[in-house]
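Each chain, letter by letter, is given below.
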Amino acid sequence: MSAGTKKTQAVSPEAKGTRLDVWLSSIPEIQTRNQAARLIEKNKIRVSGVLPLKVKASYRLRGDETVEIEIPEVQISHLTPQDIPVEILYQDNDVAVVNKPAGLVSHPGAGHKDGTLVNALLFHIKDLSDIGGVERPGLVHRLDKDTSGVIVIAKNNKSHKELSEAFKRRELHRQYWAVVAGVPKEKSGTIESNMARHPKHRTAFSSQASGKHAITHYEVVQNFKNQASLVYLRLETGRTHQIRVHMSEMGHPILGDSLYGIKRQQALITLPPLKKAVAQLKRHVLHAAELGFEHPRTKQQMSFQTEWPADLEEFISNLEKVK
């Protein structure tokens, strides 16, 4: 199909009750629910008998509609492969697993035209899926700039689609480690809220009734002088800044996080040696330590772990030395 064209497709009776984004993801030019959602948001999808404002990703098909799809023009990638050091933990023809260092933005965007994880992937791996668009080849999920740890990369579109669906079904195991200010009253628990972009601070997120469902499980593993805690976290969902928001709103922000709860951090950390250690942090103390998933082709369960990076290992060692 030529770029920038329109495609009309009839909905079969068997599709009755299916979500629109799920149905669209079966179309070769779309392939994933994320791509379908983007097209819907950009008003590129028309459904017969349905007002444009009612065309949502969650719309349930009647089974007799005609759907008109406007296929966007193919964009040409201007990304440059760059020899940025990235540890590749695993690689085959379908996926790659890398250990992203802190300080590396996942993909190009405002203020980061290059020098990103994507630029590094184009140099070290080359074959990457293109479902996510020209600026995000291979990226099924992402980590914040200052979060280090494990991330899975799709090397073809079939793998990308399978992994994306696994994320939506919450089938991936994602374990993080963090050091937070203070000590949670409950040593383990679940934080659950709806999250959306902050109404006033556009670079931040917060819990809001209109947001997307977010679930974080936590467990306190170590106590540092009743002023800070080493916390194990497991994600059921993967919203932007999810762990950072949840821990901050719980009253125990991640140490070194300048966006969420900095005043709370300063109020809870009062011992001079601890204050000094926190002041020397160059990023927040959050690390994606483990990632488990079913291989999209072989269906074999795979699991990858990474140790604390040197800077955070040194920070924790300093906390343990405080008398």
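Up top is the structure.
It should be emphasised that the depicted structure is a prediction, and the values quoted were computed from it without experimental measurement.

Draft legend 1. Molecular detail of the pairing of strand 3 (residues 66-70). Side chains of strand 3 alternate between two faces, with Val67 and Ile69 buried and Thr66, Glu68 and Glu70 left unburied. For strand 1 (residues 6-10) and strand 3, the ladder comprises five bridges, and the chain directions are antiparallel. Bridging from a neighbouring strand, Lys6 pairs with Glu70 of strand 3.

Draft legend 2. Expanded view of the sheet that holds strand 1. If you walk across this open sheet you meet the three strands as 1-3-2, and the pairing is antiparallel. Edge positions in the sheet fall to strand 1 and strand 2 (45-47), since each of these pairs with one other strand and no more. On average, each strand axis in the sheet is inclined to that of its neighbour by 15°, with strand direction left out of account. In this sheet, strand 3 lies alongside strand 2 in antiparallel orientation, the contact comprising three bridges. The partner of Arg46 across the bridge, within strand 3, is Glu68.

Draft legend 3. Spatial organisation of a positive patch on the surface. Positive charge collects at one region of the surface, where Arg38, Lys42, Arg136, Lys168, Lys212 and Arg239 lie side by side. Relative to the elements of secondary structure, Lys42 occurs in the loop between helix 2 (33-41) and strand 2.

Draft legend 4. Just the packing of aromatic side chains, in detail. Tallied over the full model, the rule gives three aromatic pairs. Geometrically, the ring pair formed by Tyr90 and Phe304 is tilted, given 5.6 Å between the ring centres and 45° between the ring planes. Placement of Tyr90 in strand 4 (residues 87-91) and of Phe304 in strand 13 (residues 301-305) is noted, with a sequence separation of 214 residues between them. For Tyr90, a relative accessible area of 26% translates into the label partly exposed. Residue class for Phe304 comes out buried when judged on its relative accessible area of 11%. Here Phe293 and Phe304 contribute two aromatic rings whose centre-to-centre distance is 6.1 Å and whose plane-to-plane angle is 25°, an arrangement assigned as stacked. Residue Phe293 is located in strand 12 (residues 286-294), and its partner Phe304 is located in strand 13; the two are separated by eleven residues in the primary sequence.

Draft legend 5. Seen up close, helix 3 (residues 117-124). Most of helix 3 is tucked away: six of the eight residues are buried. Taken together, the buried positions of helix 3 are Leu117, Val118, Asn119, Ala120, Leu121 and Leu122. On the buried face of helix 3, the contacting elements are strand 5 (95-100) and strand 6 (148-154). With a side-chain oxygen lying 3.3 Å from the backbone nitrogen of Val118, the N-terminal cap of helix 3 falls on Thr116.

Draft legend 6. Focus on the environment of Glu135. Its place among the elements puts Glu135 in the loop between helix 3 and strand 6. Between the alpha carbons of Glu135 and Asn119 there is a distance of 9.6 Å; along the sequence they are 16 residues apart.

Draft legend 7. Here's a closer look at the nonpolar core. Leu20, Trp23, Leu24, Ile45, Val47, Val67 and Ile69 are the most contacted members of the largest nonpolar core, which totals 19 residues. Sequence-distant contacts of Leu20, that is, excluding residues within four places in its chain, are made with Ile40, Ile45, Val47, Val55, Lys56, Ala57, Tyr59 and Leu61. Leu230, Leu274, Leu312 and Ile316 belong to the second largest nonpolar core, which has 17 residues in total.

Thresholds applied
- Residues numbered from 1 in each chain as written.
- Predicted model: local features only at pLDDT ≥ 70, side-chain atom pairs only at ≥ 80, totals over all residues.
- Heavy atoms only, no water.
- Buried < 20%, exposed > 50% of the residue type's maximum accessible area, 1.4 Å probe, protein only.
- Helix = DSSP H or I, 4+ residues; strand = E, 2+ residues; numbered from the N terminus.
- Pairing = 2+ DSSP bridges.
- Axes fitted to C-alpha atoms, helices over the stretch in contact; angles between N-to-C directions.
- Patch = residues over 30% accessible without salt bridge, like charges linked within 9 Å, V, L, I, M, F, W, Y side chains within 5 Å.
- Areas by Shrake-Rupley, 256 points an atom, 1.4 Å probe, with all protein chains shown as cover.
- Salt bridge = Lys/Arg side-chain N within 4 Å of Asp/Glu carboxyl O.
- Lys, Arg positive; Asp, Glu negative; His and termini not counted.
- Charge placed at Lys NZ, Arg CZ, Asp CG, Glu CD.
- Phe/Tyr/Trp six-rings, centres within 6.5 Å; stacked < 30°, edge-to-face > 60°.
- Contact = heavy atoms within 4.5 Å.
- Polar contact = N/O pair within 3.5 Å; in protein donor to acceptor, adjacent residues only side chain to side chain.
- Core = buried A, V, L, I, M, F, W, Y, C linked by side-chain atoms within 4.5 Å.

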